[in-house]
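Working through the structure, step by step
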Amino acid sequence: ETGVTQTPRHLVMGMTNKKSLKCEQHLGHNAMYWYKQSAKKPLELMFVYNFKEQTENNSVPSRFSPECPNSSHLFLHLHTLQPEDSALYLCASSQMRGAANTIYFGEGSWLTVV
Amino acid sequence: AQKITQTQPGMFVQEKEAVTLDCTYDTSDQSYGLFWYKQPSSGEMIFLIYQGSYDEQNATEGRYSLNFQKARKSANLVISASQLGDSAMYFCAMREGRGSQGNLIFGKGTKLSVKP
C-alpha cells in the first residue's frame, strides 16, 4: 500500500474539458511535488510545494494550475490541454527538501488528451 | 551537461542471476543524495535504495545494493538473485544539497528484462 495516493489512475479528456488530478499523502511530509513523464523523456519536475507554499514552477504552461490546500493534499487542475500533454503525471512527497530526504511517489495518473 | 547518465537503455538477465545497472553523476556539491527507483509498467515509481555522499559504506536493502564509487562519480545498482518481478524500468536520481534546491534529477532509465 502506497503512502501517496493519486486519483484518478486513468483520465481521458477532450481539449476543451476541465478536469483535476488529486494527490494525498499519508506520510506526514511537508513537501509535495508534481512530475510529468512523457514517452522516452526523463521525468520533468513541474511544481514544488513546501509547507503549502509554492516554491517552484518549472516554466509550466498556465493550462496546468496546481493547488495545495494543506500539507497532505495536492491538486493539478487541467484546462484546455493539448494532445502533447498526454503523459503520466506523478505526485510525490518528502519530509523536507534537503539532499538526504527521500521522495516517495504515488502510482501516477495516466492522462490522455484527445 | 547531463547530471545523471544511465548508459544502458536495456538489459537482460537470467532469473536467479545478479545484474548491475550503471549510473554516473555530475555535481560540484559536496552534499548530495543518490537514489534508485523502480517503475513497473503500471507506472508507480518505487523507491529502492539511497546513498548519501558522506556515507562510507555502500547502501544495501535486501537484494539491492549500491556500488558507490565517489571518486569515479558512479552509483551502480546491483540486484542479486533476479526474479521475474524485477522486470521494470530502473531510474537513477540525484538530489543536491544546493543549486537545484534539493530537487530530484533523474536519468533516462534502464529497462531490465528478467528471463525465466
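You'll find the structure just up there.
In short, a report on the structure. (Residues numbered from 1 in each chain as written. Chains lettered and ligands numbered in written order. Predicted model: local features only at pLDDT ≥ 70, side-chain atom pairs only at ≥ 80, totals over all residues. Heavy atoms only, no water.)

Here we look at the interface of chain A and chain B
What counts is decided by this rule: Note on contacts: a residue pair qualifies if any of its non-hydrogen atoms lie within 4.5 Å across the two residues. Note: buried area is the sum, over both parts, of the accessible area (probe 1.4 Å) each one loses when the two are combined. Put simply, a salt bridge is a Lys or Arg side-chain nitrogen that is within 4 Å of an Asp or Glu carboxyl oxygen. A 3.5 Å cut-off defines polar contacts: any pair of N or O atoms within that distance qualifies, except that in protein one atom must be a possible hydrogen donor and the other a possible acceptor, and neighbouring residues in sequence count only when both atoms are side-chain atoms. Helix numbering and strand numbering both begin at the N terminus, where a helix is a DSSP run of H or I of at least 4 residues and a strand a DSSP run of E of at least 2.
Contact with chain A, which involves 26 residues of that partner, is made by 25 residues of chain B. Roughly 1,800 Å² of surface becomes buried between chain A and chain B when both sides are summed, with 52% attributable to carbon and sulfur atoms. Where chain A meets chain B, there are zero salt bridges. Joining chain A to chain B, the criterion identifies six residue pairs in polar contact (both at pLDDT 80 or more). If you list the elements that add at least two residues to the side of chain A that touches chain B, you get β4 (31-37), β5 (44-50), β9 (87-94) and β10 (104-105) of chain A.

Examining unusual backbone geometry
Under the convention used in this document: For the exposure calls, accessible area comes from a 1.4 Å probe over protein chains only, and a residue counts as buried if that area is under 20% of its type's maximum, exposed if over 50%, partly exposed in between.
The omega angle of the peptide bond from threonine 7 of chain A to proline 8 of chain A is -10°, so this bond is cis rather than trans. Mapping proline 8 of chain A onto the fold places it in the loop between β1 (4-7) and β2 (10-13). A positive phi angle, close to 80°, is found at lysine 16 of chain B, a residue other than glycine. Its location among the elements puts lysine 16 of chain B in the loop between β2 (10-14) and β3 (19-21). The class for lysine 16 of chain B is exposed, based on a relative accessible area of 69%. Phi is positive for lysine 73 of chain B, which is not a glycine, with a value near 55°. Position of lysine 73 of chain B relative to the elements: it lies in the loop between β8 (64-69) and β9 (74-79). A residue is classified by how much of its surface remains accessible, and lysine 73 of chain B, at 30% relative accessible area, is partly exposed.

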